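Architecture at a glance
The primary structure of each chain is shown beneath.
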Amino acid sequence: MTRVLLLPRLNELGVMRIIDDVGSEMPTVKEVLDILDEHSSFLWFAPSGGSVSAESAVDIARDIRQIAQRHGFPESSDQKSRSAFDAEVSTWLGDQEILSTGEALRDDVWAFLSSALLADVVSWRFPDRNLERFQGGVRNAFQRLWIRGVTLDLGPDAADRWQLVHGLSEDAMVQIFERASLAGDRKLARTIASAWMVTSGRIGRGRMEEVMRAATKMVRLRNEIIDLGELEQSVLTREIEKIFFRVAGVTDDLPASLPLATADS
Amino acid sequence: MPATDIFEGWDYERDLEVGARFEIDFDRAAAQLGIPLDQLSMALVLKAGTGSGKIPRRMDRIQTRKLVPSAPEFEVRAVVTGSRLSGRLLLEAGIVLDAEPASPGALSPAMPGARLWTDRKDILLEDGGTARFPLETISFASAFAGQPHASAPWYVHWRSGLLDADFGGAVRVYVNADYTELCERFVAGDPATVQAVLGDVMSQMIENVVSMPDCDDALEDCVAGSVGDQVRNWLDMAFPGQSLNKIRAEMTGAPGRFRATIMAAAQVGEGE
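Residues numbered from 1 in each chain as written. Chains lettered and ligands numbered in written order. Predicted model: local features only at pLDDT ≥ 70, side-chain atom pairs only at ≥ 80, totals over all residues. Heavy atoms only, no water.

With respect to topology, three strands assemble into an open sheet ordered β7-β9-β8 (chain B), the strand pairing being mixed. Lying at the two open borders of the sheet, with one neighbouring strand each, are β7 (135-138) and β8 (154-157) of chain B. The mean angle between the axes of side-by-side strands here comes to 20°, regardless of whether they run parallel or antiparallel. In the sheet, β8(B) pairs with strand β9 (residues 172-176) of chain B via four bridges, with the strands oriented antiparallel. Residue pairing across strands places V156(B) opposite V173(B), the latter belonging to β9(B). Lying on the sheet, helix α1 (residues 12-21) of chain A is in contact with β7, β8 and β9 of chain B; it crosses β9(B) at an angle near 90°. The strands touched by helix α5 (residues 191-211) of chain B within the sheet are β8 and β9 of chain B, with β8(B) carrying the most contacts at an inclination of about 35°. (Pairing = 2+ DSSP bridges. Helix = DSSP H or I, 4+ residues; strand = E, 2+ residues; numbered from the N terminus. Axes fitted to C-alpha atoms, helices over the stretch in contact; angles between N-to-C directions. Contact = heavy atoms within 4.5 Å.)

Further remarks concern the pairing of β9(B). Residue and element names in this part refer to chain B. Burial within β9 is extensive, with five of its five residues counted as buried. Every second residue of β9 is oriented toward a common face, with R172, Y174 and N176 on one face and V173 and V175 on the other, all of them buried. Pairing between β7 and β9: four bridges, direction parallel. Paired with T137 across the bridge in β9 is V175. (Buried < 20%, exposed > 50% of the residue type's maximum accessible area, 1.4 Å probe, protein only.)

Right, let's get into the packing of aromatic side chains. This model, assessed by the stated rule, comprises 11 aromatic pairs over all chains. Residues F85(A) and W124(A) carry aromatic rings whose centres are separated by 5.2 Å and whose planes lie at 85° to one another, so their mutual orientation is edge-to-face. Taken as a pair, F85(A) in helix α4 (residues 79-94) and W124(A) in helix α6 (residues 119-125) lie far apart in primary sequence, 39 residues in all. Its relative accessible area of 0% is what places F85(A) among the buried residues. What makes W124(A) buried here is its relative accessible area of 3%. An angle of 90° between the planes, with centres 5.3 Å apart, marks the rings of F144(B) and Y155(B) as edge-to-face. With F144(B) in the loop between α2 (140-143) and β8 and Y155(B) in strand β8, this residue pair connects regions lying 11 residues apart in the sequence. Y155(B) sits in the partly exposed class, given a relative accessible area of 21%. Clustering of aromatic rings is evident, with ring pairs tying together F140(B), F144(B), Y155(B) and Y174(B). Looking at R9(A), its charged tip hangs above the ring of W44(A), at a distance of 4.9 Å from the centre. Above the ring of F126(A), the side-chain terminus of R125(A) is found at 4.3 Å from the ring centroid. (Phe/Tyr/Trp six-rings, centres within 6.5 Å; stacked < 30°, edge-to-face > 60°. Lys NZ or Arg CZ within 6 Å of the ring centre and 35° of its normal.)

Residue placement: S200(A) occurs in helix α12 (residues 186-203). Leave out the neighbours within four places in its chain, and S200(A) touches R205(A) and M208(A).

The next thing to look at is the interface of chain B and chain A. If you look at the interface, chain B gives 43 residues, while chain A gives 47 residues. Counting the surface lost from both chain B and chain A, the interface buries some 3800 Å², and carbon and sulfur atoms represent 49% of this. At the boundary of chain B and chain A, one finds six salt bridges. For D227(A), the salt bridge is made with R115(B), and the minimal N-O distance between the two is 3.9 Å. Taken together, the connections running from chain B to chain A amount to 16 residue pairs in polar contact (both at pLDDT 80 or more). Among the secondary structure elements, those contributing two or more residues to the side of chain B that touches chain A are β2 (42-50), β3 (58-67), α2 and β9 of chain B. With four residues, β3(B) is the single largest residue contributor to the side of chain B that touches chain A. Here the residues of the side of chain B that touches chain A sort into 17 nonpolar, 11 polar and 15 charged. (Buried area = accessible area lost by both parts, 1.4 Å probe. Salt bridge = Lys/Arg side-chain N within 4 Å of Asp/Glu carboxyl O. Polar contact = N/O pair within 3.5 Å; in protein donor to acceptor, adjacent residues only side chain to side chain. Nonpolar A, V, L, I, M, F, W, Y, C, P; charged D, E, K, R; others polar.)

Another aspect to go through is a negative patch on the surface. All names here are of chain B. A surface patch of negative charge is lined by E23, D25, D27 and E73. Residue placement: E73 occurs in strand β4 (residues 73-80). Residue classification places E73 among the exposed residues on the basis of a relative accessible area of 57%. (Patch = residues over 30% accessible without salt bridge, like charges linked within 9 Å, V, L, I, M, F, W, Y side chains within 5 Å. Areas by Shrake-Rupley, 256 points an atom, 1.4 Å probe, with all protein chains shown as cover. Lys, Arg positive; Asp, Glu negative; His and termini not counted. Charge placed at Lys NZ, Arg CZ, Asp CG, Glu CD.)

Core analysis: the largest hydrophobic core is formed by 123 residues, its most contacted members being L93(A), F142(A) and F244(A). A domain-level breakdown of this core finds at least three residues from each of domain 1 (8-44 + 56-154) and domain 2 (168-254) of chain A. With sequence-adjacent residues up to four places away left out, F244(A) is seen in contact with I192(A), A195(A), W196(A), T199(A), M208(A), V211(A), M212(A) and A215(A). Formed by 40 residues, the second largest nonpolar core is a distinct cluster that contains W154(B), A165(B), F167(B) and L198(B). (Core = buried A, V, L, I, M, F, W, Y, C linked by side-chain atoms within 4.5 Å. Domains from an automatic or database assignment.)

Turning our attention to the pairing of strand β5 (residues 88-97) of chain B. Residues and elements named next belong to chain B. Along β5, 10 of the 10 residues are buried, which leaves the element largely enclosed by surrounding structure. Side chains of β5 alternate between two faces, with R88, L90, E92, G94 and V96 and L89, L91, A93, I95 and L97 buried alike. Where β2 and β5 come together, eight bridges link them in antiparallel fashion. When the bridges of β5 are listed, M42 appears paired with L97.

Our next topic: the sheet that holds β2(B). All names here are of chain B. With antiparallel pairing, four strands are arranged side by side in an open sheet as β3-β2-β5-β6. Two strands lie at the open edges of the sheet, namely β3 and β6 (115-124), each paired on one side alone. When the angles between neighbouring strand axes are averaged without regard to direction, this sheet yields 15°. Of the pairings in the sheet, the one linking β5 to β6 comprises nine bridges and is antiparallel in character. Its bridge partner being in β6, A93 is matched across the sheet by D119.

Okay, the side chain of S203(B) next. All names here are of chain B. Residue position: S203 is located in helix α5. Take S203: its relative accessible area is 1%, and that puts it in the buried class. Contact partners of S203, with chain neighbours within four places excluded, come to R259 and I262.

So, about the domain arrangement of chain A. Residues and elements named next belong to chain A. Domain boundaries assigned for chain A yield domain 1 (8-44 + 56-154) and domain 2 (168-254). Each of domain 1 and domain 2 has a C-alpha centre, and the two are 29 Å apart. Contact with domain 1, which involves 11 residues of that partner, is made by 10 residues of domain 2. Both sides together, the interface formed by domain 1 and domain 2 hides about 910 Å², and carbon and sulfur atoms give 59% of it.

Take a look at the structure:
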């Protein structure tokens with residue numbers, strides 16, 4: 001078994017302390033680490049079960065910072081560059097072996113990366129600097145991108161491995177990934193994402209926000225009665241597309257969409 | 001050994017072997033489902049969930065087994081990889097319809113995958129994750145030095161307006177460890193102390209949410225495990241069967257009774 005690399009963890013009070021204490025809009029790493037030096041009790045590692053690896057967190061932060069620089073950090077930021085940054089970070093994080101363990105599911109691990117090592121990048125990506133972007137959770141600046149990457153990855157053998165990450169709108173991502181009952185089941189989440197792509201191809205992206213909200217509500221209801229993730233992939237694809245098409249008012253014959261080829265299907 | 005609510009001494013290097021025993025009464029199941037016995041096809045699905053929040057962040061199917069009348073008693077076993085667990089293990093065993101029956105009853109489930117029965121066991125691992133009510137004891141003198149709430153007995157950290165946020169991630173109750181006696185009582189689960197703290201948490205959140213102009217729609221759309229879902233459950237506990245308008249009128253017209261009603265309902269939540 002590969003030994004788990006234990007990453008630094010920052011509790012919620014530590015995040016609040018940093019946000020309260022930093023003086024600048026875009027805090028430097030040194031500024032933040034100085035604050036943590038004074039409040040070391042906020043910072044911790046899992047007590048056992050792997051090898052402590054603070055340098056792994058530093059490596060991850062370095063690579064994310066380089067991606068940010070390719071998209072205009074720290075000088076400029078517009079909607080387009082921010083979307084491109086999100087997509088590239090998602091695919092990069094989704095492909096990191098070190099993040100395939102239980103550590104990456106922990107909110108406090110992402111809180112450390114976002115609040116301590118990458119606070120300036122978070123401030124650049126989210127100029128309003130909402131606390132939820134620094135704290136761990138589904139709205140954390142990077143945790144949300146990681147979960148998108150690992151969930152929507154179609155696998156190294158797929159013809160277009162990251163088509164779902166690049167294809168979905170931000171609203172569509174939020175509708176899936178802020179609902180644990182959908183996001184927690186990778187097969188279901190990927191099928192919903194795929195149905196979004198197929199439907200948007202029919203009716204255009206402009207109407208998809210309204211369609212996605214109604215469709216995810218219906219999928220959640222259906223999932224209470226039918227264990228959707230248990231359906232064979234082609235049946236599931238058809239079920240979810242039927243819901244999207246009904247909501248979107250697409251009345252012609254359903255397309256024979258091929259189930260997505262995935263690494264674990 | 002039987003699964004307990006908290007599994008002590010676990011870490012990433014420890015894979016967990018899980019197992020469960022089942023006994024299925026096929027005749028009774030067929031009768032209750034309105035499906036002829038010879039057409040009843042069922043499967044047992046064992047899932048393992050992990051990650052914080054009331055609904056686990058990741059839910060994996062670890063075993064699916066077709067059920068046959070010739071083996072009504074059976075056991076399933078599976079190994080859950082320790083390195084992929086995070087804070088908790090939620091085991092879910094479900095029985096689903098495995099094939100469409102030829103002549104189901106009018107109200108019978110008919111689609112493969114239809115949920116027929118489910119049972120869950122939530123086990124806290126390592127530091128307990130955040131599957132329990134999110135709280136911790138901490139010295140306020142140190143954590144909140146110089147701040148106005150530094151001498152408060154407890155502090156509910158949460159932000160209003162985020163009804164869709166996961167409850168475990170958005171809310172945290174800090175109990176002031178500097179108040180030794182209070183802290184000891186709280187940790188020991190003294191009913192009156194827990195009721196006072198929980199009642200305060202419920203009051204704060206209910207009052208805030210009920211005051212929101214569009215809370216009716218917002219609460220209706222909240223997913224299981226979210227802040228809104230928890231507030232909705234508390235409203236059902238404290239004000240069963242009452243409309244939000246009536247609850248709102250009680251809050252503004254009789255605030256004392258309103259608060260006392262919530263405090264009384266907090267007694268029910270001892271297990272939280």
